[in-house]
Amino acid sequence: MSTKHMTRKATRHISQNEGLIFEKSSPGKAAWKLPPLDVPEVDPAKLLGKQERKDLGDMPEVSEIEIIRHFTRLSTWNYAIDLGMYPLGSCTMKYNPRVNEFVARVEGLANGHPYQAEKISQGALRIMQTLSECLIEITGMDAITLQPAAGAQGELTGLLMVRAFHESKGNARKKILIPDSAHGTNPATAATVGYAVENLKSNSRGMVDVAALAAQMNEDVAALMVTNPNTLGIFEQEIHKIADLLHDKGGLLYMDGANMNALVGKVRPGDFGVDVMHLNLHKTFSTPHGGGGPGSGPVAVKKMLAPFLPTPVVVTRADGTLGFEYNRPQSVGRVRAFYGNFGMFIRALAYIFANGPDGLRQTTEDAVLNANYIRKRLEGVFDLPYSTPSMHEVVFSDKLQSKKGVKTMDLAKRLIDYGFHPYTTAFPLIVPGALMIEPTESEPKEELDLFIEAMKSIAEEVEEDPQYVLNAPHNARISRLDETAAARKPILRWKPDNAV
Amino acid sequence: MGYPDDRKYTKEHEWITADGTVGITHYAQDSLGDIVFVELPKVGTEIRAKKPFGTIESVKAVSDLNAPASGTVTAVNEELTTDPEKVNKDAHSAWMLKIKIKDPAEMNSLLSAADYEKFVSEEKH
């Protein structure tokens, strides 16, 4: 299909420059006025002694309209899913449905407080319990904690449970196996929990090399952390064999659920041998993501790990009411203040209920279809390093364009000029010069076509005028940033002397 | 790119001279891109062949630096803490460590300049 009849996606637009709010400050300006004092005045010096602070330093003094304009102008510099496709691979930047926001703002929920008594928190507890049941059903696991604040904390919680489980058997074991296609957080998590990390090579089809795993597996291995589908967007087709190899030697299978958007309603990790996994509500379950969060990273486990779940857990009491249970002697303890990012539980549950089982299944199918549509239409224009079928994302390489000296990062910078957020560049590391593209199910065919046309057009530009692509972006507010200088000589804070 | 034949190379893209000077190859710095940080061990540290002795961070990624041979660190190139770009400019003179080699026989399994050059030309995509 041609997009020629459609309005061009990107165009020039006046963008207002905006300095730091400190630069607008002048003495005496204010955006507040206090009412007359109606309580006895106290002397702060008397109460606080030396702790009283009279000089507030460089706090900006600005008027109300300056504050409004400051943040409104900054907001116009944003790129967001509400403006267009956000194809960051493995990030699942899907639409955040407005109905989620509506439900999260229902008065009793929005004004609930974690310290209010259980008997008047039954609705909130019911939401936590119902969401837990839904996620357990979707993953095929036995028990869950909603507490972790996001994916990486979910991993940490999961591995703390793995460690506690092995310790309860008398031996914490020594190492965690991690495929070379894993998310970077996986080895970081394993190291944080005190395990040595051992790398596992992928085979030529982009999957875990099962024979190599068999050779590396022994009773020092506490767990294997696998992402499925992996970061190449490929489903680990021998996942059941991987699970058996782990289990035969007493190891556990951890699944990074970042890519669960490719599986919901189709297969359940609990059914293919996973013992513990985290979910990203801010990816798969449509809660806000990337600056709009916070995230939420529930961890689901099989029965034998349930005693180690963080406290408290939601339980049904003898009288039928819900409450928190703290008395769990084998628990790894609390991992997050209060009960986790509750606002996200409401949104995720709203998403699950709005879609229902068939809707969630359709969502998964559409996400996979969208990725494969992009793959089919861009195959040949960009090099496809692995021909194994793609799931929810597709990974190309810059092999063809790098002959002209144009690398994945340059292509991504040029994509900004076409009105899209860049895809993920240079990851996964096992593909040199990777372009990792995840459209999600949110994108209509029209937006996908605009993206495909943009990518094709950039590939043509590389052939005709590579320098033009190397200098991109041309239409953005600012041109190419010196990322190297920013990393080598970072300026970490504003000082009055920096003002221009 | 010619690889100097006064030293040996690993498939992980490190080089080592007979007197125990260690660095990374031109191919490694080129694949990493602009290097922004190099983390090296202290003098006196024992390092083991094929095991990580430090990390190198570029604008793209953080990677392990693997020891080409076992030994004790006798000197560290402090210049790289402030000027990591020296590795990009000339990887074969920007050394990272000097080690007292524990077992010179370990060096026999490493690649010659010609073999390494052949290896990277195959690895190149």
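Everything below is about the structure printed above this text.
A look at the overall build of chain A
Alright, step 1. The secondary structure content of chain A amounts to 15 helices and twelve strands.
Alright, step 2. By the compact-globule yardstick of 23 Å for 500 residues, chain A fits well, its C-alpha radius of gyration being 26 Å.
Alright, step 3. Along the first, second and third principal axes, the C-alpha set of chain A runs to 75 × 70 × 45 Å.
Alright, step 4. Taking all 500 residues of chain A together, 47% fall into the buried category.
Alright, step 5. Expressed as a percentage of contacts within chain A between residues at least 6 apart in sequence, the contacts between residues at least 24 apart total 71%.
Alright, step 6. In the structure as shown, chain A presents an accessible area of about 24800 Å², 55% of it carried by carbon and sulfur atoms.

Digging into the packing of helix 12 (residues 408-417) of chain A against helix 13 (residues 445-464) of chain A
Pairs of packed helices are described in terms of their axes, by the angle between the two and the distance that separates them.
Residues and elements named next belong to chain A.
Alright, step 1. Relative to each other, helix 12 and helix 13 sit at 125 degrees, their axes nearing to 10 Å. The angle between helix 12 and helix 13 falls in the class oblique. The crossing of helix 12 and helix 13 is right-handed. Residue-level inspection shows L411, R414 and L415 of helix 12 in contact with helix 13, the latter providing F451, A454, M455, I458, E461 and V462.
Alright, step 2. Each residue belonging to the contact of helix 12 with helix 13 can be placed in one class, and the counts come to seven nonpolar, no polar and two charged.

Here's the deal with the nonpolar core
Residues and elements named next belong to chain A.
Alright, step 1. Within the largest apolar cluster, 49 residues are counted, with the highest numbers of intra-cluster contacts made by L131, L135, I242, F285 and I352.
Alright, step 2. Only helix 5 (122-139), helix 8 (210-216), strand 4 (221-227), helix 9 (239-248), strand 5 (252-256), strand 9 (322-325) and helix 10 (342-378) provide two or more residues apiece to this core.
Alright, step 3. Apart from residues no more than four positions distant in its own chain, I352 is found in contact with L131, C134, L135, I138, F285 and L360.

With respect to unusual backbone geometry
Alright, step 1. A cis geometry characterises the amide bond from N228 of chain A onward to P229 of chain A, with omega recorded as -5 degrees.
Alright, step 2. Mapped onto the elements, P229 of chain A comes out in the loop between strand 4 and helix 9.
Alright, step 3. Here T311 of chain A and P312 of chain A are connected by a cis peptide whose omega angle stands at -5 degrees.
Alright, step 4. When you line up the elements, P312 of chain A lands in the loop between strand 7 (299-301) and strand 8 (313-316).
Alright, step 5. Positive phi, close to 65 degrees, is recorded for S90 of chain A, a residue that is not glycine.
Alright, step 6. Examined against the element boundaries, S90 of chain A turns out to sit in the loop between helix 2 (64-75) and helix 3 (98-104).
Alright, step 7. What makes S90 of chain A buried here is its relative accessible area of 4%.
Alright, step 8. Positioned with a positive phi, H13 of chain B is a non-glycine residue whose angle comes to about 75 degrees.
Alright, step 9. The topology assignment puts H13 of chain B in the loop between strand 1 (7-9) and strand 2 (14-17).

Reading the values: the criteria
- Residues numbered from 1 in each chain as written.
- Chains lettered and ligands numbered in written order.
- Predicted model: local features only at pLDDT ≥ 70, side-chain atom pairs only at ≥ 80, totals over all residues.
- Heavy atoms only, no water.
- Helix = DSSP H or I, 4+ residues; strand = E, 2+ residues; numbered from the N terminus.
- Rg over C-alpha atoms; globule rule 2.2 N^0.38 Å.
- Buried < 20%, exposed > 50% of the residue type's maximum accessible area, 1.4 Å probe, protein only.
- Contact = heavy atoms within 4.5 Å.
- Areas by Shrake-Rupley, 256 points an atom, 1.4 Å probe, with all protein chains shown as cover.
- Axes fitted to C-alpha atoms, helices over the stretch in contact; angles between N-to-C directions.
- Parallel < 35°, antiparallel > 145°, perpendicular 65-115°, else oblique.
- Left-handed = near helix turned anticlockwise from the far one by under 90°.
- Nonpolar A, V, L, I, M, F, W, Y, C, P; charged D, E, K, R; others polar.
- Core = buried A, V, L, I, M, F, W, Y, C linked by side-chain atoms within 4.5 Å.

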